[in-house]
2 protein chains.
Amino acid sequence: MRVLVLGGDGFCGWPSALHLSEHGHDVTIVDNLVRRRADDELGVQSLTPIATMSERIQAWYEVSGRQIGFADIDVAHDYDSLVRLLDSARPDSVVHFAEQRSAPYSMKDPAHKRYTIDNNLNATNNLIVAIIALGLDTHVVHLGSMGVYGYETVPVDLPEGYLTVSYPDREGEMHSRDILYPTLPGSVYHLSKSLDQLLFQFYARNDGVRVTDLHQGIVWGTQTEETERDPRLMNRFDYDGDYGTVLNRFVVEAAVGYPLTVHGSGGQTRAFINVRDTVRCIRLAVESGDEVSGQVRVMNQMTETHRVSTLARLVADTLGAEVNTVANPRQEADQNELSARNDRLLGLGLEPITLRSGLLEAEAELARQFADRVDTKRIPAKSYWNKNRRTAVEGDSV
Amino acid sequence: MRVLVLGGDGFCGWPSALHLSEHGHDVTIVDNLVRRRADDELGVQSLTPIATMSERIQAWYEVSGRQIGFADIDVAHDYDSLVRLLDSARPDSVVHFAEQRSAPYSMKDPAHKRYTIDNNLNATNNLIVAIIALGLDTHVVHLGSMGVYGYETVPVDLPEGYLTVSYPDREGEMHSRDILYPTLPGSVYHLSKSLDQLLFQFYARNDGVRVTDLHQGIVWGTQTEETERDPRLMNRFDYDGDYGTVLNRFVVEAAVGYPLTVHGSGGQTRAFINVRDTVRCIRLAVESGDEVSGQVRVMNQMTETHRVSTLARLVADTLGAEVNTVANPRQEADQNELSARNDRLLGLGLEPITLRSGLLEAEAELARQFADRVDTKRIPAKSYWNKNRRTAVEGDSV
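Residues numbered from 1 in each chain as written. Chains lettered and ligands numbered in written order. Predicted model: local features only at pLDDT ≥ 70, side-chain atom pairs only at ≥ 80, totals over all residues. Heavy atoms only, no water.

Caption draft 1: Local environment of the overall build of chain A. In terms of helices and strands, chain A carries 13 helices and 14 strands. The C-alpha radius of gyration of chain A comes to 21 Å, within 12% of the 21 Å expected for a compact globule of 398 residues. Projecting the C-alpha coordinates of chain A onto the three principal axes gives extents of approximately 70 × 55 × 40 Å. In chain A, which comprises 398 residues, the share counted as buried stands at 62%. Pairs at least 24 residues apart make up 81% of the contacts formed inside chain A by residues separated by at least 6 positions. Of the roughly 14400 Å² of accessible surface on chain A, 45% is carried by carbon and sulfur atoms. One finds the centroid of the 40 positive side-chain charges in chain A at a distance of 3 Å from the centroid of its 56 negative side-chain charges. (Helix = DSSP H or I, 4+ residues; strand = E, 2+ residues; numbered from the N terminus. Rg over C-alpha atoms; globule rule 2.2 N^0.38 Å. Buried < 20%, exposed > 50% of the residue type's maximum accessible area, 1.4 Å probe, protein only. Contact = heavy atoms within 4.5 Å. Areas by Shrake-Rupley, 256 points an atom, 1.4 Å probe, with all protein chains shown as cover. Lys, Arg positive; Asp, Glu negative; His and termini not counted. Charge placed at Lys NZ, Arg CZ, Asp CG, Glu CD.)

Next comes the structure, spelled out in structure tokens:
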């Protein structure tokens, strides 16, 4: 299949592009390389050294004999270039990672809140509008987030996108209806994914655009079968307070002897997936595009759930580390339960890698190898969700 | 109260600004005058001649002795100017009309779809982010739309914003939960209002921002008590296929001897409100801002519902006109029922003006007075919702 990977320079986008290429798909990466500029802005670098896009593509050609195309386009703000590319590529599928993907980054200050909404919404809208304008039958595979479900108080296994609810008519008789799961996002980043959902719902109904929305859990791990084949293919690994996801951050902390930073009680339960499973899920979604017509297909792209405090304990015990509880910069419940269905991706053939498979030790080895690249000042999360959360940590004077 | 009216040059914004001023509020209009440029773009003009903003403000001062301020700011794209204004004005309330408000305009082509999403979302996000950044306790009164509820198949009286639904937990036991009414918007314009809802939900929960979201029906009528006081205060009246709302369009058609254009079967049922009630509702919302804390307050700003075919018949019989059925350019059901609660605004003291109050004849008189300004070529709606709707009218060659 001809596949465009928007955001193909990022943590999930790059290994997904390689995996799709390895499996015979004709891949073109579309990226404005903004994630690298965010590193510069934040004064931090990936734990792992990452090559330039041209080095990456050259290395992949050398090890695999496969060509990957590249177009430097700001999908959110350069609609005309996007249209020209889509018109010439006429892709069977577009994998859409071209969104700002960090919750703390999205909450730092007004500029970052505004950037996240503007970038993520316009990127999605431009893509869909262009597909409609060109009359393409392209299948859009979008990276959503488990965070769109928000804080559920009913003890359910979160379904995949839709919920059957009942309510009474004006005579009091009960009726059932399938609705998009009521969204209750916990950050501007998650909000942007909730907004995306409504765009997809509308354009699927109005124009028959075919969309798969993958509600992904927190990704852990770094390398995949493809990125391991050459040092120039190495994936990025974020450990900083903005882009570092919780499990990867714990591993780096353990590797450099920094106490594991648990936010609040650690009672938060989160959904997880290993990056090796992420790339397989993306491929399974792309290759099953023919299944999608009419309603948006939503799949929960996660393989397991864990309480943060349990993860911290596991990392501490496995790798040897202290656990340090810090005030939670996020506006969120101290404790929550979370359980979700992932039948759709299992049904497509996903065989989950779980945390107990020894990969944690491999991650720690990678972290130790590049420990000298870690700036421990960048580890604490300093993006406060609101005034109260800031005051709780920094006091009233700030 | 100190009140900013964003979009205070528009059809609802201008008379609302005057009404708030008349009732003693200290009003500043914020508008980039884009609605006037849309007239130029579409090659059409308001049926009624409208004065420039400086003439309008001068005339209001002459007839009322009251000052209205004006700031020419693009709220969606000039955040810094918005922040400076909010910081110096420190308003008790901001009435937010600063959104592209036509469904057909939003569906014309890629550029208009993109403009509507970009403008409406960034305007709302900029406003809320600025209020949070400045630490203001400003109450935001936003114009939503009855269209966010979308196409309801259950015979309910639409509640005001929230719906209590039931669903089973993993053991099969039923639980109740209040959710935002499941949105199913019918155009990119209505979609933008559904997106706004999620922004408000998030920022109310995360930062305690106080918001009233007014889900308004289709506005009919032109003049209000305030705009009638001087010809330079006259409100705009849109009759064209993009901005003309259904009832006002029928009145102009009757006045110039053009057959009433009913889309499809005319079986669509819509919610309506007279512009004189719109301005009262805005004032009631502003003046009751102290009631709002925590959850977003949603009020249905409509006073009656009518089937389009019934309205056409009423106008035809009252004013003398032919009724002409044309292919529906919109992707929508041929027929729907619609009934909604408006208890909240009634509870605040709204006494609805209904269609039977003789105002229809006054509207027709206004239309006859300015009939020479009507360009009948601009009456047909030529914005097609999708490829199939276009083909049904214009054939495959287009």
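Resuming the write-up.
Caption draft 2: Just the relation of the copies chain A and chain B, in detail. Of the transformation superimposing chain A on chain B, the axial component is 0.0 Å and the angular component is 180 degrees, with the fit at an RMSD of 0.0 Å. The operation mapping one copy onto its partner corresponds to a two-fold rotation axis. (Least-squares fit on C-alpha atoms with pLDDT ≥ 70 in both.)

Caption draft 3: Region of interest: the sheet that holds strand β3 (residues 69-71) of chain B. Residue and element names in this part refer to chain B. Taking strand neighbours across the sheet as the criterion, the seven strands line up as β3-β2-β1-β4-β5-β8-β12 in an open arrangement whose pairing is parallel. A single partner strand is all that each edge strand has here, and the edge strands are β3 and β12 (297-301). Strand-to-strand, the axes of this sheet are offset by a mean angle of 20 degrees, without reference to chain direction. Taken strand by strand, helix α1 (residues 13-22) contacts β1 (2-6), β2 (26-30) and β4 (93-96), and its axis lies near 165 degrees from that of β2. (Pairing = 2+ DSSP bridges. Axes fitted to C-alpha atoms, helices over the stretch in contact; angles between N-to-C directions.)

Caption draft 4: Examining the pairing of strand β6 (residues 162-168) of chain A more closely. Residue and element names in this part refer to chain A. With five of seven residues buried, β6 is to be regarded as a mostly interior element. The pairing of β6 with strand β7 (residues 174-180) spans seven bridges and is classified as antiparallel. Paired with Tyr167 across the two strands is His175, which belongs to β7. The turn linking β6 back onto β7 is made up of five residues, and Gly172 within it adopts a positive phi angle of 90 degrees.

Caption draft 5: A look at the pattern of salt bridges. One pass over the structure, following the stated rule, counts 58 salt bridges over all chains. Between Arg236 of chain B and Asp39 of chain B there is a salt bridge; the shortest N-O distance is 2.7 Å. Remark: Asp39 of chain B occurs in helix α2 (residues 34-42) and Arg236 of chain B occurs in the loop between β9 (218-220) and α8 (246-255); sequence separation between them is 197 residues. Judged by relative accessible area, Asp39 of chain B falls into the buried class, the value being 7%. Its salt-bridge partner being Glu365 of chain B, residue Arg368 of chain B comes within 3.2 Å of it at the nearest N-O pair. Here Arg368 of chain B and its partner Glu365 of chain B are both found in helix α12 (residues 359-369), three residues apart, which amounts to about one turn of the helix. Using a relative accessible area of 36% as the deciding quantity, one classes Arg368 of chain B as partly exposed. One network of salt bridges, in which partners are shared, links Arg35, Asp39, Arg101, Arg236 and Asp238 of chain A. (Salt bridge = Lys/Arg side-chain N within 4 Å of Asp/Glu carboxyl O.)

Caption draft 6: Geometry of the interface of chain A and chain B. Contact residues are listed per partner, giving 53 residues for chain A and 53 residues for chain B. Here chain A and chain B share an interface that buries about 4900 Å² over both sides, 61% of which is from carbon and sulfur atoms. At the junction of chain A and chain B, the tally comes to two salt bridges. Between Arg170 of chain A and Asp157 of chain B there is a salt bridge, and its shortest N-O distance comes to 2.8 Å. Remark: the boundary between chain A and chain B carries 17 residue pairs in polar contact (both at pLDDT 80 or more). Put simply, the parts of the chain that give the side of chain A that touches chain B at least two residues each are α6 (110-133), β6, β7 and α7 (188-207) of chain A. Per-class residue counts for the side of chain A that touches chain B are 28 nonpolar, 15 polar and ten charged. (Buried area = accessible area lost by both parts, 1.4 Å probe. Polar contact = N/O pair within 3.5 Å; in protein donor to acceptor, adjacent residues only side chain to side chain. Nonpolar A, V, L, I, M, F, W, Y, C, P; charged D, E, K, R; others polar.)

Caption draft 7: Here's a closer look at the packing of aromatic side chains. Residue and element names in this part refer to chain A. Inspection of the entire model under this criterion finds six aromatic pairs over all chains. Residues Tyr149 and Tyr181 carry aromatic rings whose centres are separated by 5.2 Å and whose planes lie at 90 degrees to one another, so their mutual orientation is edge-to-face. Separated by 32 residues along the polypeptide, Tyr149 in the loop between β5 (139-145) and β6 and Tyr181 in the loop between β7 and α7 bring together distant segments of the chain. The lysine or arginine in question, Arg35, covers the ring of Tyr243, its NZ or CZ lying 3.6 Å from the ring centre. (Phe/Tyr/Trp six-rings, centres within 6.5 Å; stacked < 30°, edge-to-face > 60°. Lys NZ or Arg CZ within 6 Å of the ring centre and 35° of its normal.)

Caption draft 8: Examining the nonpolar core more closely. In terms of nonpolar packing, the biggest core is built from 113 residues, with Leu86, Leu195 and Tyr203 of chain A together with Leu86 and Leu195 of chain B touching the most fellow members. Setting aside residues no more than four positions away along its own chain, Tyr203 of chain A makes contact with Asn125, Ile128, Val129, Ile132, Gly208 and Val209 of chain A together with Lys113 and Val188 of chain B. (Core = buried A, V, L, I, M, F, W, Y, C linked by side-chain atoms within 4.5 Å.)

Caption draft 9: Seen up close, the sheet that holds β9 of chain B. All names here are of chain B. One open sheet holds the three strands; their spatial order is β9-β11-β13, and the pairing between them is mixed. Both outer strands of the open sheet, β9 and β13 (304-307), are each paired with one neighbouring strand and no more. Strand-to-strand twist in this sheet, taken as the mean axis angle between neighbours without regard to direction, amounts to 45 degrees. Here three bridges tie β9 to strand β11 (residues 269-274), and the two strands are oriented parallel to one another. Along β11, the bridge assignment pairs Trp220 with Asn274. Its contacts with the sheet place helix α9 (residues 275-287) against β9 and β11, and it is angled at close to 75 degrees to β11.

Caption draft 10: Summary view of the packing of helix α8 (residues 246-256) of chain A against helix α10 (residues 308-320) of chain A. All names here are of chain A. Interhelical geometry of α8 versus α10 gives an angle of 30 degrees and a closest axis separation of 10 Å. In terms of orientation, α8 lies roughly parallel with respect to α10. Handedness of the crossing formed by α8 with α10: right-handed. Touching Val246, Leu247, Phe250, Val251 and Ala254 of α8 are Val308, Leu311, Ala312, Val315, Leu319 and Gly320, all from α10. In terms of residue class, the contact of α8 with α10 is built from ten nonpolar, one polar and no charged. (Parallel < 35°, antiparallel > 145°, perpendicular 65-115°, else oblique. Left-handed = near helix turned anticlockwise from the far one by under 90°.)

Caption draft 11: Looking closely at the side chain of Arg249 of chain A. Residue and element names in this part refer to chain A. Structurally, Arg249 can be placed in helix α8. At 4.0 Å, Glu253 is the nearest oppositely charged side chain to Arg249, a buried residue that forms no salt bridge. For Arg249, the side chain forms a polar contact with the side chain of Thr261, separated by 2.8 Å. Apart from the residues within four sequence positions on either side, Arg249 is in contact with Tyr239, Asp240, Gly244, Thr261, His263 and Ile379.

The values reported here are purely geometric and, on their own, carry no functional implication.
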